[in-house]
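Single-letter residue listing:
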Amino acid sequence: DDRSYSELTLRSVVSDASVVCSADENGVLSFTGECSVYAPCAGTVQKVYEGENGYSVEISHTTSFSTVIAGLTYAYSAAGDTVYSTIPVGFTDGASAVTVSLYDGDSLIRAYSLDEDNDIVWNV
């Protein structure tokens, strides 16, 4: 899949509308709250690992667009799994922040905002 990230329609990464997501000036999306966590769009899990702040899931969506979700209490997917924006990739108990980083190749994407439903909207 050679599509650019801006050609994809993304959804919210949280299951609960009461969980408030925000994006910092570097383009990292974050939230704290108990909820299921979703990939912003379909893709393939490249790597799952446990770190100091919980589980991280790396997902490739196209040849150049990828997502890293970090800080999960539980990760439901394994490397090689296909994931969708409608099926959770993990869960957070709300004890610490979850971060979501969107990448175009090795560059962190900053050209997006969040609408009132926490859906990711490209600013291109």
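Residues numbered from 1 in each chain as written. Predicted model: local features only at pLDDT ≥ 70, side-chain atom pairs only at ≥ 80, totals over all residues. Heavy atoms only, no water.

Enquirer: Would you mind going over the nonpolar core with me for this structure?
Expert: Considering soluble globular proteins, one finds that nonpolar side chains tend to be buried as a cluster. Formed by 28 residues in total, the largest nonpolar core has its most connected members in Leu10, Phe31, Ile59, Phe65, Ile69, Leu102 and Trp122. Breaking this core down by element, the ones donating at least two residues are β2 (29-31), β3 (34-37), β5 (54-60), β6 (65-72), β10 (98-104) and β13 (120-122). Setting aside residues no more than four positions away along its own chain, Leu102 makes contact with Leu10, Pro40, Phe65, Ser66, Thr67, Ser107, Leu108, Ile109, Tyr112, Ile120 and Trp122. (Core = buried A, V, L, I, M, F, W, Y, C linked by side-chain atoms within 4.5 Å. Buried < 20%, exposed > 50% of the residue type's maximum accessible area, 1.4 Å probe, protein only. Helix = DSSP H or I, 4+ residues; strand = E, 2+ residues; numbered from the N terminus. Contact = heavy atoms within 4.5 Å.)

Enquirer: Got a minute to help me understand the pairing of β6 in this structure?
Expert: Two faces, one strand: in a regular strand the side chains alternate between the faces of the sheet. Counting buried positions along β6 gives 7 out of 8 residues, so the element sits mostly inside the fold. Alignment of β5 against β6, held across 6 bridges, turns out to be antiparallel. When the sheet's bridge partners are listed, Ser60 is paired in β6 with Ser66. The hairpin turn running from β5 into β6, its antiparallel successor, is 4 residues long. Where β6 meets β10, 6 bridges bridge the pair, whose relative direction is antiparallel. Bridge assignment links Phe65 to a residue of β10, and that residue is Asp104. (Pairing = 2+ DSSP bridges.)

Enquirer: For this particular structure, what's the right way to read the sheet that holds β3?
Expert: Either a parallel or an antiparallel arrangement is found when strands of a sheet pair, and the pairing is made through backbone hydrogen bonds. If you trace the 3 strands from one edge of the open sheet to the other, you get β3-β9-β7, paired in antiparallel fashion. On the outer flanks of this sheet lie β3 and β7 (74-75), each paired with one strand and no other. Two strands pair when backbone bridges link them, and β7 and strand β9 (residues 90-93) are joined in this way by 2 bridges, in the antiparallel orientation. From the neighbouring strand, Tyr74 faces β9, where its bridge partner is Phe91.

Enquirer: Please clarify how the environment of Gly33 should be interpreted in this entry.
Expert: With respect to the secondary-structure elements, Gly33 resides in the loop between β2 and β3. Classification of Gly33 by relative accessible area gives buried; the value is 14%. Along the chain, Gly33 and Val14 lie 19 residues apart, while their C-alpha atoms are 9.2 Å from each other. Every residue in contact with Gly33, bar those within four places of it in the chain, is listed here: Val19, Thr92 and Gly94.

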